[in-house]
Amino acid sequence: AAKAAGRGKHCFYEPSMHSEATDRQVLENDLRQALDRNELWVAYQPIVRAAGEEISGFEALVRWNHPLRGPISPDKFISLAEECGMIGKIGEFVLRTAVAEAARWPDTVRIAVNLSPIQFNDPHIVDTVAAVLSDYGLNAARLELEITEGVFLADSDMTDSTFARLKSLGVRLALDDFGTGYSSLGYLKKAPFDKIKIDQSFVRGAASTTKRNGAIIRAIVTLADSLGMDTTAEGVETHDDLWLIRELGVSQVQGYIFGKPMKGPEAREKANSSRVEAEGYQCIREPRH
Ligand code: C2E
Ligand code: MG
Ligand code: MG
Ligand code: MG
């Protein structure tokens, strides 16, 4: 709620000057040119083995530096990109940039890239992924594709064959934002995921709020273990939460406690040192972009 309330505050213009529809149209036009104008870039957030403080990989997260409005959150422009047919190009830019970056890291460090359901259901997606891996010489096992259950809405034969073809390429598949959608259990049965990412809404403050979040995380871990899948807890910010997540047997941790999304060179440095330390702060929010 705080996030929604803070939205738009960084804008340098007065939103009430335009109708919402006009504003959207303007933003859409800007987004169409963002790639060519080099306004998009990719940030990397560490994913750390829960047992130690060893980096298992990084998640690639796209960023948009709008020339007038400043940084715009992907929560805002990814859906816009999906609606206006830009997501294929933007997604491929992120994939290419992230794979190129990961090719410079030690080969124990993975790269995770988010795939929009629209990208996933593009008939060329498997060829695109294969081409990008081969262009940069990255071993397929080091690439993890994060998808949400939105991919199952199409539920075509093609969805099934895409899963199978991606698996035979050797890439890993993660089910993102687990627990926030509708019938996630059925999807776990259908698709060959290597990992479940436990949504932040169960993780953040899990140690302090209610016992319920802990119980839900425990159940997800049990389920994942018996299906032979890894788990990553997203949104770990405090030492208390980290302690609980470890206690509950989650395999990996991602959250501000181990680092916010960072630029390529900083990620490269961390990848090379292969360890990150938990920060001492508690519940500090990412500065508004
Ligand atoms: P996601 O894939 O679930 O990514 C995790 C989000 O949680 C990121 O937000 C990350 O910055 C944030 N996060 C991680 N740890 C913490 C923490 O400890 N505290 C808090 N408060 N937040 C944390 P971000 O980068 O704003 O991205 C939001 C969403 O936008 C992503 O959620 C993903 O759904 C989408 N997205 C980002 N990049 C891409 C992309 O390249 N392609 C597609 N299709 N979607 C993307
Ligand atoms: Mg993700
Ligand atoms: Mg997520
Ligand atoms: Mg998310």
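Residues numbered from 1 in each chain as written. Chains lettered and ligands numbered in written order. Predicted model: local features only at pLDDT ≥ 70, side-chain atom pairs only at ≥ 80, totals over all residues. Heavy atoms only, no water.

Student: How would you explain the site of ligand 1 if you had to name every residue and give the values?
Tutor: Of all residues adjacent to ligand 1, which total 24 residues, the nearest are R63, N114, Q200, E237 and Y256. In the model, an oxygen atom of ligand 1 is placed 3.0 Å from a nitrogen or oxygen of the E59 side chain. Take E237: an N or O atom from its side chain is 2.6 Å from a nitrogen atom of ligand 1. Considered on its own, ligand 1 offers 800 Å² of accessible surface; in the complex 89% of this is hidden by protein. Contributions of two or more residues to the shell around ligand 1 are made by β2 (55-66), α3 (74-83) and β6 (172-178). Broken down by element, the shell around ligand 1 gets its largest block of residues, 4 residues, from β2. Residues that form the shell around ligand 1 fall into these classes: 8 nonpolar, 6 polar and 10 charged. (Near = heavy atom within 4 Å. Polar contact = N/O pair within 3.5 Å; in protein donor to acceptor, adjacent residues only side chain to side chain. Areas by Shrake-Rupley, 256 points an atom, 1.4 Å probe, with all protein chains shown as cover. Helix = DSSP H or I, 4+ residues; strand = E, 2+ residues; numbered from the N terminus. Nonpolar A, V, L, I, M, F, W, Y, C, P; charged D, E, K, R; others polar.)

Student: Any details on α3? Residues and values, ideally.
Tutor: When α3 is considered as a whole, its buried residues turn out to be P74, F77, L80 and A81. Viewed along the axis of α3, the buried residues span an arc of 135°, placing them on a single side of the element. Set apart from the buried face of α3 by more than 90 degrees, the exposed residues are D75 and E83. Residues of α3 that are buried make contact with α2 (20-34), β1 (40-49), β2, β3 (70-72) and α4 (87-102). N-capping of α3 is provided by S73, with a side-chain oxygen placed 3.0 Å from the backbone N of D75. (Buried < 20%, exposed > 50% of the residue type's maximum accessible area, 1.4 Å probe, protein only. Arc of directions from axis to C-beta. Contact = heavy atoms within 4.5 Å.)

Student: I'd like a rundown of the environment of E83, residues and numbers included.
Tutor: With respect to the element layout, E83 can be found in helix α3. The spacing of E83 and I118 is 35 residues in sequence and 9.7 Å in space, taken between C-alpha atoms.

Student: Got a sec to walk through empty space enclosed by the protein? Specific residues and values, please.
Tutor: Per the stated rule, a full pass over the model turns up 2 cavities of 30 Å³ or more. Of the volumes computed, that of the second largest cavity is approximately 50 Å³. I47, S56, G57, F58, R110, I111, A112, E144, K195 and Q252 are the residues that line the second largest cavity. Secondary-structure elements contributing two or more residues to the lining of the second largest cavity are β2 and β4 (110-114). (1 Å grid on protein atoms, 1.4 Å probe; cavity = no way out; pocket = protein on both sides within 12 Å on 5 of 7 lines; lining within 4 Å. Points joined across faces, edges and corners; volume = space filled by probe spheres on them.)

Student: So what's going on with the coordination of the magnesium ion (ligand 2)? Which residues, and what values?
Tutor: On the protein side, the magnesium ion (ligand 2) has E59 (OE), N114 (OD1), E146 (OE) and D176 (OD) as donor atoms, found 2.0 to 2.2 Å from it. On the primary sequence, the residues serving as donors to the magnesium ion (ligand 2) are separated as E-x54-N-x31-E-x29-D. A gap of 4.2 Å separates the magnesium ion (ligand 2) and the magnesium ion (ligand 3), which D176 links by coordinating each metal. Here E146 lies in strand β5 (residues 143-147) and E59 lies in strand β2, a separation of 87 residues in the sequence. Judged by relative accessible area, E59 falls into the buried class, the value being 3%. Judged by relative accessible area, E146 falls into the buried class, the value being 1%. (Donors = N, O, S within 2.8 Å, 3.2 Å for Na, K, Ca; no water.)

Student: Kindly report on the pairing of β6, identifying the contributing residues and their values.
Tutor: Counted residue by residue, β6 has 6 buried out of 7 residues, so it is predominantly covered. The sheet contact formed by β6 and strand β7 (residues 195-198) spans 3 bridges and is parallel. Looking across to β7, one finds that L175 is bridged to I196. (Pairing = 2+ DSSP bridges.)

Student: Describe in detail the packing of aromatic side chains, supporting the description with residues and values.
Tutor: Tallied over the full model, the rule gives 8 aromatic pairs. When the centroid spacing of 4.8 Å and the interplanar angle of 45° are considered together, the rings of F58 and W105 count as tilted. With F58 in strand β2 and W105 in the loop between α4 and β4, this residue pair connects regions lying 47 residues apart in the sequence. Like W105, F58 is buried. A centroid spacing of 4.8 Å and a plane angle of 50° characterise the contact between F120 and F163, whose relative ring orientation is tilted. Of this pair, F120 sits in helix α5 (residues 117-120) while F163 is found in helix α7 (residues 157-169), placing the two residues 43 residues apart along the sequence. (Phe/Tyr/Trp six-rings, centres within 6.5 Å; stacked < 30°, edge-to-face > 60°.)

Student: Quick rundown of the side chain of E39? Include the residues and the values.
Tutor: Tracing the sequence through the fold places E39 in the loop between α2 and β1. For E39, which is buried and forms no salt bridge, the nearest opposite charge comes from R37, at a distance of 4.5 Å. Only 3.0 Å separates the side chain of E39 from the side chain of W64, close enough to count as a polar contact. Residue contacts for E39: discarding those within four places in its chain leaves A34, R63, W64, N65 and P67. (Lys, Arg positive; Asp, Glu negative; His and termini not counted. Salt bridge = Lys/Arg side-chain N within 4 Å of Asp/Glu carboxyl O.)

Scope: geometric values only; no functional claims are made or implied.
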